[in-house]
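Examination of the molecular architecture
Chain by chain, the residues:
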Amino acid sequence: MSGARVHFETWLDAQRRAVDEALEAVVPAHREPAFVWEAMRYSLFAGGKRLRPLLALAAAEAVAERRGGAAAQAHALAMPCACALELIHTYSLVHDDLPAMDNDVLRRGRPTAHVVYGEGLAILVGDALLTEAFAHLAAEPRTVDGVDDAELARRRIAAIRLIADAAGPSGMVGGQAIDLRAAGGNAAPLNADGLRDMHARKTGALIRAAALSGASMAGADGALGSAIDEYAFHVGLAFQIVDDILDVEGASADLGKTAGKDVAAGKPTYPALYGLDASRRLAAECIDRSLAALEGAGLAGHLPALAGWVVGRHS
Ligand code: GRG
């Protein structure tokens, strides 16, 4: 393994541990009603990759590096966004797995929340994770050394807005609704543009918000913010193309979710529309574009390696 790769893997492990530690404090084990918090923790601590938190932290670090700031300060600024994004992402998975949606029994290598706790509590677990995410964003970070309190409050409010827009009806919820309608057969099948738009909302919006909220918490101005946004747009698209490829090629045991579901459901996917080889090429092109966006703005840090990790993943 090359030195750069070892360096990135070390960073990845350390950040994942830091995120899990922070999440432990946001969703602790002993709070009342205990069965609700326990059910939230079941889905949250089931071994997700933590891609969205990693993007928020890496973007904050890259902006700090570019502006001569310290990585530790960038982490303190971006960690609440990182945690909130993981709570929102986990809520979306819990709700997506429900019988009324994708109706799946396996997620993150475990029986889905509604299989374990029943549908009613699984719906409430999703609601609880979503609400708690915004409670956390409104409160944290309270103070960060070197950042004026009024400026910190301004950045927090901007991050709340950004993440709410990405998770809401024009973003993730809207994308999920488009997908649900298409799967129900009550609308024309999605063509290539429709597929791209649906994914840009359903999964892309939160991935973009992850990088952008981390960057703006670290004080990114307009130009740096635009470059991070462009980077994350292409990473989000690559993530989805790879997800579609893994659905065809992966095994359920590796994926931690049921493989082959999209094909079985006749869903429009990148491999179905373009074939596997062209889909792999499309994903690689997305990564090239994401790297070009960074280079243009003089940004780097762990963001390039993170983009490569998104396309190289097996789960
Ligand atoms: C219910 C409002 C609502 C939205 C659900 C994101 C989503 C919208 C549904 C998930 C369906 C799905 C499997 C989409 C494919 C892309 C995706 C989000 C995969 C799971 O994300 P990972 O790979 O998961 O980051 P881990 O478990 O690693 O966090």
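The notes below deal with the structure included here. As the structure is a prediction and not an experimental result, all values here were calculated from the model.

The rules behind each value
- Residues numbered from 1 in each chain as written.
- Predicted model: local features only at pLDDT ≥ 70, side-chain atom pairs only at ≥ 80, totals over all residues.
- Heavy atoms only, no water.
- Helix = DSSP H or I, 4+ residues; strand = E, 2+ residues; numbered from the N terminus.
- Rg over C-alpha atoms; globule rule 2.2 N^0.38 Å.
- Buried < 20%, exposed > 50% of the residue type's maximum accessible area, 1.4 Å probe, protein only.
- Contact = heavy atoms within 4.5 Å.
- Areas by Shrake-Rupley, 256 points an atom, 1.4 Å probe, with all protein chains shown as cover.
- Lys, Arg positive; Asp, Glu negative; His and termini not counted.
- Charge placed at Lys NZ, Arg CZ, Asp CG, Glu CD.
- Near = heavy atom within 4 Å.
- Polar contact = N/O pair within 3.5 Å; in protein donor to acceptor, adjacent residues only side chain to side chain.
- Expected span 1.5 Å × (residues − 1).
- Core = buried A, V, L, I, M, F, W, Y, C linked by side-chain atoms within 4.5 Å.
- Salt bridge = Lys/Arg side-chain N within 4 Å of Asp/Glu carboxyl O.
- Axes fitted to C-alpha atoms, helices over the stretch in contact; angles between N-to-C directions.
- Parallel < 35°, antiparallel > 145°, perpendicular 65-115°, else oblique.
- Left-handed = near helix turned anticlockwise from the far one by under 90°.

This paragraph deals with the overall build of the protein. Of the regular secondary structure elements, the protein holds 15 helices and two strands. On C-alpha atoms alone, the protein measures out to a radius of gyration of 19 Å, which is about the 20 Å that the 2.2 N^0.38 rule sets for 315 residues. Once the C-alpha set of the protein is aligned to its principal axes, its extents read approximately 55 × 50 × 40 Å. For the protein, the proportion of its 315 residues judged to be buried stands at 50%. Within the protein, counting contacts between residues at least 6 apart in sequence, those at least 24 apart form 73% of the total. Here the protein displays about 13,800 Å² of accessible surface, and carbon together with sulfur accounts for 55% of that area. Side-chain charges of the protein comprise 30 positive and 39 negative groups, with the mean position of each set lying 1 Å from the other.

Its location among the elements puts Pro111 in strand S2 (residues 110-111). The spatial distance from the C-alpha of Pro111 to the C-alpha of Leu121 is 14 Å, given a sequence separation of ten residues.

The subject of this paragraph is the site of the ligand. What surrounds the ligand is a group of 21 residues, the closest being Lys49, Arg52, His89, Arg108 and Asp243. Between an oxygen atom of the ligand and a side-chain N or O atom of Arg52, the distance comes to 2.8 Å. Calculation on the ligand without its partners gives an accessible area of 690 Å², and the protein chains cover 92% of this total. Where the shell around the ligand is concerned, the elements lending two or more residues are helix H4 (71-96), helix H8 (172-183), helix H9 (192-217) and helix H10 (222-249).

Let us now look at H10. Over its 28 residues, H10 extends 40 Å from the first C-alpha to the last, a length consistent with the 40 Å expected when each residue adds 1.5 Å. Burial within H10 is extensive, with 21 of its 28 residues counted as buried.

In this section: unusual backbone geometry. The omega torsion of the bond from Glu32 to Pro33 falls at -5°, within 30 degrees of zero and hence cis. Inspection of the secondary structure puts Pro33 in the loop between helix H1 (3-26) and helix H2 (34-44). Here Glu140 and Pro141 are connected by a cis peptide whose omega angle stands at -5°. Mapped onto the fold, Pro141 is located in the loop between helix H6 (119-139) and helix H7 (149-167). Positive phi outside glycine occurs at Asn103, with the angle close to 55°. Within the element layout of this structure, Asn103 appears in the loop between H4 and strand S1 (106-107).

With 94 residues, the main nonpolar core has Ile228, Tyr231, Leu299 and Leu306 as its most contacted residues. Leave out the neighbours within four places in its chain, and Tyr231 touches Leu55, Ser290, Ala293, Leu294, Leu303, Leu306 and Ala307.

For the structure on display, the rule yields 16 salt bridges. Measuring nitrogen to oxygen at the nearest pair gives 2.6 Å for the salt bridge that ties Arg142 to Glu140. Assessed through its relative accessible area of 58%, Arg142 is described here as exposed. In this structure, the salt-bridge partner of Asp277 is Arg280, at a minimum N-O distance of 2.9 Å. Remark: Arg280 and Asp277 occur in helix H14 (residues 276-297); sequence separation between them is three residues, near one turn of the helix. Judged by relative accessible area, which is 53%, Asp277 ranks as exposed. The network of salt bridges with common partners includes Asp20, Arg50, Glu86 and Arg108.

Right, let's talk about the packing of H4 against H9 for a bit. Where H4 meets H9, the closest approach of the two axes is 8 Å, and the angle between their N-to-C directions is 165°. What the angle tells us is that H4 and H9 run roughly antiparallel. Along this stretch, H4 crosses H9, giving a crossing that reads as right-handed. Contact residues: Leu77, Ala78, Cys81, Leu85, Ile88 and His89 in H4; Leu206, Ala210, Ser213, Gly214 and Met217 in H9.

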